[in-house]
Amino acid sequence: MRGLKILVVVMGVMLVVGVAGLVVTIAMRLAHRAPSPAAVFSAPTIILPHGSTIETMTVGSDRIVLQVDLADGSVQLIVIDLATGKQLGTIPLQEQP
């Protein structure tokens, strides 16, 4: 009879520990849930002049600057906002005569 009591107590402790482990595991998985998928990024099209090529690209904290070599041999910089993808402006570059 004494062995049966010990067996029942041990099984009861095992049930409590198992349920506690299950609760902790579920709580951990809920706390470290994967982030929801990011929204699809879409930006307006940046139109480059015909015959031009992108020579270099530089990324700042919130801007992208493209150096574009134009077909006529001149160079311009195109400034793009990283958050929206919109073209903020162009800067024509010319050599000093």
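Residues numbered from 1 in each chain as written. Predicted model: local features only at pLDDT ≥ 70, side-chain atom pairs only at ≥ 80, totals over all residues. Heavy atoms only, no water.

S.K.: For the side chain of Gln76, give the residues involved together with the corresponding values.
M.R.: By the secondary structure assignment, Gln76 is in strand β3 (residues 75-81). Apart from the residues lying within four places of it in its own chain, the contact partners of Gln76 are Pro49, Leu66, Gln67, Val68, Leu70, Thr90, Ile91, Pro92 and Leu93. (Helix = DSSP H or I, 4+ residues; strand = E, 2+ residues; numbered from the N terminus. Contact = heavy atoms within 4.5 Å.)

S.K.: Kindly report on the environment of Gly60, identifying the contributing residues and their values.
M.R.: Following the sequence through the fold, Gly60 ends up in the loop between β1 (53-59) and β2 (63-69). Take Gly60: its relative accessible area is 40%, and that puts it in the partly exposed class. (Buried < 20%, exposed > 50% of the residue type's maximum accessible area, 1.4 Å probe, protein only.)

S.K.: Kindly report on the environment of Val16, identifying the contributing residues and their values.
M.R.: Position of Val16 relative to the elements: it lies in helix α1 (residues 2-31). Along the sequence, Val16 and Glu55 sit 39 residues apart, while their C-alpha atoms lie 67 Å from each other.

S.K.: With reference to specific residues and values, describe the nonpolar core.
M.R.: If you look at the biggest cluster of nonpolar residues, it comprises six residues: Ile64, Leu66, Val68, Leu70, Ile78 and Ile80. For this core, the leading source of residues is β2, giving three residues. Not counting chain neighbours up to four residues away, the residues in contact with Leu66 comprise Ile54, Thr56, Met57, Gln76, Leu77, Ile78 and Ile80. (Core = buried A, V, L, I, M, F, W, Y, C linked by side-chain atoms within 4.5 Å.)

S.K.: So what about the pattern of salt bridges? Which residues, and what values?
M.R.: In this structure the tally under the stated criterion is two salt bridges. Arg63 is paired through a salt bridge with Asp62; the nearest N and O atoms lie 3.3 Å apart. Residue Asp62 is classed as partly exposed on the basis of its relative accessible area, which comes to 37%. Via salt bridges that share partners, Asp62, Arg63 and Asp81 belong to a single interconnected network. (Salt bridge = Lys/Arg side-chain N within 4 Å of Asp/Glu carboxyl O.)

S.K.: Describe the side chain of Ser52, with residues and values.
M.R.: Mapped onto the elements of the fold, Ser52 is located in the loop between α1 and β1. From its side chain, Ser52 meets the backbone oxygen of Pro49 in a polar contact 2.6 Å long. Setting aside residues no more than four positions away along its own chain, Ser52 makes contact with Val68, Asp69, Leu70 and Ala71. (Polar contact = N/O pair within 3.5 Å; in protein donor to acceptor, adjacent residues only side chain to side chain.)

S.K.: Just give me the short version of the pairing of β3, but keep the residues and values in it.
M.R.: Within β3, six of the seven residues are buried, which leaves the element mostly enclosed by the surrounding structure. Pairing analysis gives seven bridges linking β2 to β3, with the strands arranged antiparallel. For Val65, the partnering residue across the bridge sits in β3 and is Val79. Hairpin geometry of β2 and β3 is characterised by an intervening segment of five residues between the two adjacent antiparallel strands and by a positive phi of about 95° at Gly73. Relative to strand β4 (residues 87-93), β3 is paired through six bridges, and the arrangement is antiparallel. Looking at the pairing, Leu77 lines up with Ile91 of β4. As consecutive antiparallel partners, β3 and β4 are separated by five residues, and within that stretch Gly85 has a phi angle of approximately 80°, a positive value. (Pairing = 2+ DSSP bridges.)

These values are about where atoms sit, not about what they do.
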